[in-house]
Amino acid sequence: VALRTRGGVAVLRRGKPQPERPPLLAPLQGAQVHAILRMRDGALWFGTAQGAFRLWQGRLQRYDAQAGLTDPRVRILYQTRDGRLLLGTAQGLYAWQDGTLQPLGRQTGLPDGVGVTALLELGDGSLVLGGDQQLWLYAQRRWHELAQSHGLPSNVPTHLAEIGDDLWVAGTQGIYRLPLRELRR
């Protein structure tokens, strides 16, 4: 089990009373770890305040500003049903493609610099992104803003869940639900 901490990554092995810090993960020492994701291909990703790290076949590689991130603070790691890796950062949404990070959404309605705090792929394949006290829905090849001006409560979304016919949004100011049929209109 990999443990995320404010001071790097530790590994808790079955039957051992104390977590270990393997030398391979030494570059993560002192990093604030926000997310850990095991991809279907077996790669292990870490989202940190110093960028994203990919552990694959015994090699740890870092992805930060030199790899294309405007801001290296990776908050969210999310694998879509079709296998794409999405990274939500303090300054936008990115996709990992062929070893590089590509910004997403800038040409399709998502403002530059959105601080991503939550991400979810709905059952119909649409994406919902939470950030900067708002929600955005990616449908029909465009991002659509769902903001307070549209009747949503003021809230910084921290978790999104599709339950039945509703989108549930948990955040710093509480929980609310949105009927999916209304989102799709």
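No experiment lies behind these values; they were computed from the predicted model shown.

Chemist: Quick question: what am I supposed to make of the overall build of the chain here?
Modeler: Looking only at helices and strands, the chain has one helix and 17 strands in total. Long-range pairs, those at least 24 residues apart, make up 35% of the contacts in the chain between residues at least 6 apart in sequence. Between the centroid of the 22 positive side chains of the chain and the centroid of its 15 negative side chains there is a distance of 7 Å.

Chemist: In this structure, what is going on with the nonpolar core? I would like to understand it.
Modeler: The tendency in soluble globular proteins is for nonpolar side chains to be buried side by side. Leu93, Leu129, Leu135, Leu160 and Leu167 are the most contacted members of the largest nonpolar core, which has 29 residues in total. In terms of nonpolar packing, the next biggest core, distinct from the first, is built from 15 residues, Ala43, Tyr63, Leu69 and Tyr94 among them.

Chemist: What am I meant to see in the pattern of salt bridges here?
Modeler: Oppositely charged side chains are able to pair whenever their charged atoms sit close together. Under the definition given, this model contains eight salt bridges. For Arg13, the salt bridge goes to Glu20, with nearest N and O atoms at 2.9 Å.

Chemist: It is not clear to me how the sheet that holds strand β9 (residues 92-97) should be interpreted in this structure. Could you clarify?
Modeler: In a beta sheet, neighbouring strands pair by backbone hydrogen bonds and run either parallel or antiparallel. Read across the sheet, four strands follow the order β7-β8-β9-β10 without closing on themselves; strand pairing throughout is antiparallel. Only two strands of the sheet have a single partner each, and these edge strands are β7 (74-79) and β10 (100-104). Between one strand axis and the next, the sheet turns through 30° on average, direction left out of account. Both β7 and strand β8 (residues 85-89) contribute to a ladder of five bridges, which runs antiparallel. Note that in β8 the partner of Tyr78 across the bridge is Leu86.

Chemist: Got a minute to help me understand the sheet that holds strand β3 (residues 33-38) in this structure?
Modeler: Strand order in the open sheet formed by four strands is β3-β4-β5-β6, and the pairing between neighbours is antiparallel. Both edges of this open sheet fall to β3 and β6 (59-63), since each of them pairs with a single strand only. Recorded for the sheet is a direction-independent mean angle of 15° between the axes of neighbouring strands. Note: strand β5 (residues 51-56) against β6, five bridges, orientation antiparallel. The residue of β6 that forms the bridge with Trp56 is Arg59.

Chemist: Looking at this structure, I do not really get the packing of aromatic side chains. What am I missing?
Modeler: The description of an aromatic ring pair rests on the distance of the ring centres and on the angle between the ring planes. In total, this model carries four aromatic pairs according to the counting rule given. Between the aromatic rings of Tyr63 and Trp96, the centroid separation amounts to 6.3 Å while the plane-to-plane angle is 80°, which identifies the pairing as edge-to-face. Residue Tyr63 is located in strand β6, and its partner Trp96 is located in strand β9; the two are separated by 33 residues in the primary sequence. We classify Tyr63 as buried; its relative accessible area is 3%.

Chemist: Any chance you could explain the pairing of strand β14 (residues 142-146) here in plain terms?
Modeler: The side chains of a regular strand alternate between both faces of the sheet. Sheet topology places strand β13 (residues 134-139) next to β14; five bridges connect them, and they run antiparallel. Residue pairing for β14: Ala139 is matched across the bridge by Arg142. Hairpin connection from β13 to β14: two residues lie between these consecutive antiparallel strands, with Gln140 at a positive phi of about 55°.

Chemist: What am I meant to see in the environment of Val156 here?
Modeler: With respect to the secondary-structure elements, Val156 resides in the loop between β14 and β15 (157-163). With relative accessibility at 24%, the residue Val156 sits in the partly exposed group. Distance in space between the C-alpha atoms of Val156 and Tyr94 is 20 Å, their sequence separation being 62 residues. Apart from the residues within four sequence positions on either side, Val156 is in contact with Thr117, Gln133, Ala170, Gly171 and Thr172.

Rules used throughout
Residues numbered from 1 in each chain as written. Predicted model: local features only at pLDDT ≥ 70, side-chain atom pairs only at ≥ 80, totals over all residues. Heavy atoms only, no water. Helix = DSSP H or I, 4+ residues; strand = E, 2+ residues; numbered from the N terminus. Contact = heavy atoms within 4.5 Å. Lys, Arg positive; Asp, Glu negative; His and termini not counted. Charge placed at Lys NZ, Arg CZ, Asp CG, Glu CD. Core = buried A, V, L, I, M, F, W, Y, C linked by side-chain atoms within 4.5 Å. Buried < 20%, exposed > 50% of the residue type's maximum accessible area, 1.4 Å probe, protein only. Salt bridge = Lys/Arg side-chain N within 4 Å of Asp/Glu carboxyl O. Pairing = 2+ DSSP bridges. Axes fitted to C-alpha atoms, helices over the stretch in contact; angles between N-to-C directions. Phe/Tyr/Trp six-rings, centres within 6.5 Å; stacked < 30°, edge-to-face > 60°.

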